[in-house]
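# Observations on the model geometry
Spelled out from the first residue to the last, the chains are:
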Amino acid sequence: MAVKFAQHVDIDAPPNVVWAILADAEKWPLWFEGMQQVTGLSAPQSGANFSWQKGGEHGTGTVLAVDEGKMIIALATREGDAERSHTFDVDRSGGFLGIGANDSRLRYTLEYDPPGGMFGDFVAGGNPADMLAVKGTLHKIKDLAERMAKGQ
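All of the points below concern the structure found in this document. Quantities reported herein were computed from a predicted structural model and do not represent experimental measurements.

Here we come to the layout of surface pockets. Taken as a whole, the largest pocket spans an internal volume of roughly 400 Å³. Taken together, 20 residues form the lining of the largest pocket, with E33, G34, W52, R84 and H86 sitting closest to its centre. Contributing elements (two or more residues each) for the lining of the largest pocket: β3 (49–54), β5 (72–79), β6 (82–92), β7 (104–112) and α4 (128–149).

Here you go:
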């Protein structure tokens, strides 16, 4: 059974700015937890493969889906036998009573099947490291998008 970590963050930037960050594989090392370098991918397209590196760790990945109209990108990353899926979904947050109507909401869902059967699911389901990684990734994208929106 897959373990799932899903969170969202509201971003003070238009959705197209947030999407531009997600759709630029060269920017992934700036925000994608565990990636210092991405090779073999210039623009994410469904079915495209890539390699990533962090320190001495190496892995591969596949772009599972890209929907520019709905602003959704889904990736699978692998390191050894461990595979994780990452889904990013951007939409207009709508603001409150029209205030912040150009803001975005970014959702990130991380899923994987931990080793160890039901016990592994139980342990991984309460894994604070993965929960913090999802939160950290969202906040890195938020910071980048808000700086880009302000022209910094």
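In terms of nonpolar packing, the biggest core is built from 35 residues, with L22, W28, W31, F50, F88, L106 and I141 touching the most fellow members. Sorting the residues of this core by element identifies β1 (3–11), α1 (15–22), α2 (28–31), β3, β5, β6, β7 and α4 as the ones contributing at least two each. Once residues within four sequence positions are removed from consideration, W28 is found in contact with I21, L22, M35, V38, L41, P44, F50, I73 and L75.

This model, assessed by the stated rule, comprises 8 salt bridges. In this structure, R84 engages D130 in a salt bridge whose closest nitrogen and oxygen atoms are separated by 3.1 Å. Separated by 46 residues along the polypeptide, R84 in strand β6 and D130 in helix α4 bring together distant segments of the chain. Accessibility expressed as a relative area gives 27% for R84, which makes it partly exposed. A salt bridge links E146 to K142, with the shortest nitrogen-to-oxygen separation between them at 3.0 Å. Of this pair, E146 and K142 both sit in helix α4, 4 residues apart, roughly one helical turn. A single burial state applies to E146 and to K142, both of which are buried.

Aromatic ring pairs are described here by two measures, namely the spacing of the ring centres and the angle between the planes. Per the stated rule, a full pass over the model turns up 7 aromatic pairs. Each ring, one from F88 and one from Y108, has its centre 4.3 Å from the other, and the planes form 15°; the classification is stacked. With F88 in strand β6 and Y108 in strand β7, the pair connects residues that are 20 residues apart, well separated along the chain. Pair check on accessibility: F88 and Y108 agree, each one buried. Three or more aromatic residues link up through ring pairs in this structure, and these residues are W28, W31, F32, F50, F88 and Y108.

Once that is clear, we can look at the environment of H58. Secondary-structure assignment places H58 in strand β4 (residues 57–67). Distance from H58 to G80, taken between C-alpha atoms, is 8.7 Å for residues 22 residues apart in sequence. Not counting chain neighbours up to four residues away, the residues in contact with H58 comprise W52, Q53 and E79.

Relative to β3, strand β2 (residues 37–39) is paired through 3 bridges, and the arrangement is antiparallel. By the bridge assignment for β3, T39 is matched with S51. Two elements, β3 and β4, share 6 bridges in a ladder whose sense is antiparallel. Paired with S51 across the strands is T60, a residue of β4. Between β3 and β4, which pair antiparallel one after the other, the connecting turn spans 2 residues, and G55 there sits at a positive phi close to 55°.

Here is what the cut-offs are and how they apply
- Residues numbered from 1 in each chain as written.
- Predicted model: local features only at pLDDT ≥ 70, side-chain atom pairs only at ≥ 80, totals over all residues.
- Heavy atoms only, no water.
- 1 Å grid on protein atoms, 1.4 Å probe; cavity = no way out; pocket = protein on both sides within 12 Å on 5 of 7 lines; lining within 4 Å.
- Points joined across faces, edges and corners; volume = space filled by probe spheres on them.
- Helix = DSSP H or I, 4+ residues; strand = E, 2+ residues; numbered from the N terminus.
- Core = buried A, V, L, I, M, F, W, Y, C linked by side-chain atoms within 4.5 Å.
- Buried < 20%, exposed > 50% of the residue type's maximum accessible area, 1.4 Å probe, protein only.
- Contact = heavy atoms within 4.5 Å.
- Salt bridge = Lys/Arg side-chain N within 4 Å of Asp/Glu carboxyl O.
- Phe/Tyr/Trp six-rings, centres within 6.5 Å; stacked < 30°, edge-to-face > 60°.
- Pairing = 2+ DSSP bridges.

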